[in-house]
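# A closer look at the structure
Take a look at the letters that make up each chain.
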Amino acid sequence: MESILLELACGSLDDALAAVRARADRIELCSALELEGLTPSLGTALEVDRFTSVPFVAMVRPRAGDFVYSLAELRVMDRDARLLAEAGASGIVFGCLTHEGRVDEASCDRVLSACNGCETVFHRAFDQVKDQLEALDVLIGLGVTRVLTSGGAKTALEGVKKIRALIERAEGRIEILPAGGIRDHNVESVIKQTGCDSVHLSRR
């Protein structure tokens with residue numbers, strides 16, 4: 001099997017240090033992993049940048065629940081994205097949807113503008129859109145770097161056919177990162193069935 005990039009979701013500095021020991025290639029830094037990840041504290045980001053040599057991307061998600069945000073919430077997301085980028089994050093992870101289940105292009109563009117050249121990752125809000133292929137084209141047009149997805153299924157293993165279809169649709173224009181229920185016992189199967197070259201696991 002070819003070399004596969006391993007990203008680990010971490011909820012603390014201790015998690016991040018453990019991810020380094022596990023030879024992760026990249027860390028996704030969040031708080032509240034039990035809620036699928038919220039914005040980490042600035043202090044956590046600064047300490048992860050200080051004490052680890054592995055690149056990290058930081059979640060910008062101000063609350064649990066849906067991904068339809070108010071103007072006030074978007075202002076907070078804008079500020080968090082800028083501060084986390086300044087704190088050393090190599091990328092910002094976010095996702096904004098409309099009430100109709102589509103990518104909210106205007107809100108996404110606002111967050112993208114705050115990322116100051118960092119990588120940008122659309123998180124698993126993508127698994128709640130009505131039409132993933134249409135959403136993928138929108139994200140490519142916006143210039144998003146990467147999409148985190150289980151293919152709309154409960155787990156990546158259940159969604160392998162859709163993930164493969166997304167990878168084929170992307171044609172290298174955007175990275176598709178399989179996520180959701182990936183563990184030691186099924187990671188090889190996910191890789192083989194999707195044709196992906198990176199996977200996302202959680203420190204949970």
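Definitions and cut-offs
- Residue numbers restart at each chain and count upward from 1, following the sequence in its written direction.
- Whole-chain, interface and lining totals are the exception, using all residues; otherwise, since this is a predicted model, local features are given only for residues with pLDDT of at least 70 and side-chain atom pairs are given and counted only at 80 or more.
- To obtain the side-chain values, all non-hydrogen atoms of the structure were used and water was disregarded.
- By definition, any uninterrupted DSSP run of H or I lasting at least four residues is a helix, any uninterrupted run of E lasting at least two residues is a strand, and each is numbered from the N terminus.
- With a 1.4 Å probe rolled over the protein chains alone, any residue whose accessible area is under 20% of its type maximum counts as buried; one over 50% counts as exposed, and the rest are partly exposed.
- The positive count covers Lys and Arg only, the negative count covers Asp and Glu only, and His and the chain ends enter neither.
- By definition, a salt bridge exists where a carboxyl oxygen of Asp or Glu is found within 4 Å of a side-chain nitrogen of Lys or Arg.
- Should any heavy atoms of two residues lie within 4.5 Å, those residues are counted as being in contact.
- Along the arc lie the directions from the helix axis toward the C-beta atoms.
- Throughout this description, a polar contact denotes any pair of N or O atoms lying within 3.5 Å of each other; where both atoms belong to protein, one of them has to be capable of donating a hydrogen while the other can accept it, and for residues adjacent in sequence the pair is counted only when both atoms sit in side chains.
- Two aromatic rings from Phe, Tyr or Trp, using only the six-membered ring of Trp, form a pair when their centres are within 6.5 Å; if the ring planes differ by under 30 degrees the pair is stacked, by over 60 it is edge-to-face, and anything between is tilted.
- By definition, two strands form a pair when at least two bridges between them are found by DSSP.
- Between N-to-C directions, angles span 0 to 180 degrees; the directions come from axes that are lines fitted to C-alpha atoms, helices contributing only their stretch in contact.

### Re the side chain of Asp104
Its location among the elements puts Asp104 in the loop between strand S4 (91-94) and helix H4 (105-114). For the buried Asp104, no salt bridge exists, and the shortest N-O distance to an oppositely charged side chain is 10 Å, to Arg63. With residues up to four places along the chain from it excluded, the contact list for Asp104 reads Cys96, Leu97 and Thr98.

### Some points on the pattern of salt bridges
Tallying each qualifying case throughout the model produces 13 salt bridges. The salt bridge partner of Asp78 is Arg110, with a shortest N-O separation of 3.8 Å. In this pair, Asp78 sits in helix H3 (residues 71-86) while Arg110 sits in helix H4, placing the two residues 32 residues apart along the sequence. Classification of Asp78 as buried rests on a relative accessible area of 14%.

### Topic: helix H1 (residues 13-21)
Taken residue by residue, H1 has Asp15, Ala16, Ala18 and Ala19 as its buried positions. Projected down its long axis, H1 carries its buried residues within an arc of 160°, all on one side. Counted as exposed and oriented over 90 degrees from the buried face of H1: Asp14 and Arg21. Residues of H1 that are buried make contact with strand S1 (5-10), strand S2 (26-29) and helix H2 (42-51). Residue Ser12 occupies the N-cap position of H1, its side-chain oxygen lying 3.4 Å from the main-chain nitrogen of Asp14.

### Re the packing of aromatic side chains
How two aromatic rings sit relative to each other is given by the distance of their centres and the angle of their planes. For the structure on display, the rule yields two aromatic pairs. When the ring of Phe94 is compared with that of Phe122, the centres are 6.2 Å apart and the planes differ by 70°; the resulting orientation is edge-to-face. Placement of Phe94 in strand S4 and of Phe122 in strand S5 (residues 119-122) is noted, with a sequence separation of 28 residues between them. Where Phe122 meets Phe126, the ring centres are 6.5 Å apart and the plane angle is 80°; that geometry is what we call edge-to-face. Summarising the burial analysis for this pair, Phe122 and Phe126 share the class buried. Among the aromatic residues, ring-to-ring pairing joins Phe94, Phe122 and Phe126 into one connected group.

### Side note on the sheet that holds S2
Pairing between sheet strands relies on hydrogen bonds along the backbone, with the strands arranged either parallel or antiparallel. Within the open sheet, the eight strands sit side by side as S7-S6-S5-S4-S3-S2-S1-S8. Their pairing is parallel. Single-partner strands in this sheet number two, and they are strand S7 (175-178) and strand S8 (198-202). Between one strand and the next, the sheet's axes are offset by a mean angle of 25°, whatever the strand orientation. The pairing of strand S3 (residues 56-59) with S4 spans three bridges and is classified as parallel. Note on S4: the bridge partner recorded for Val57 is Gly91. Contacting S1 and S2, H1 crosses the sheet at an angle of about 160° to S1.

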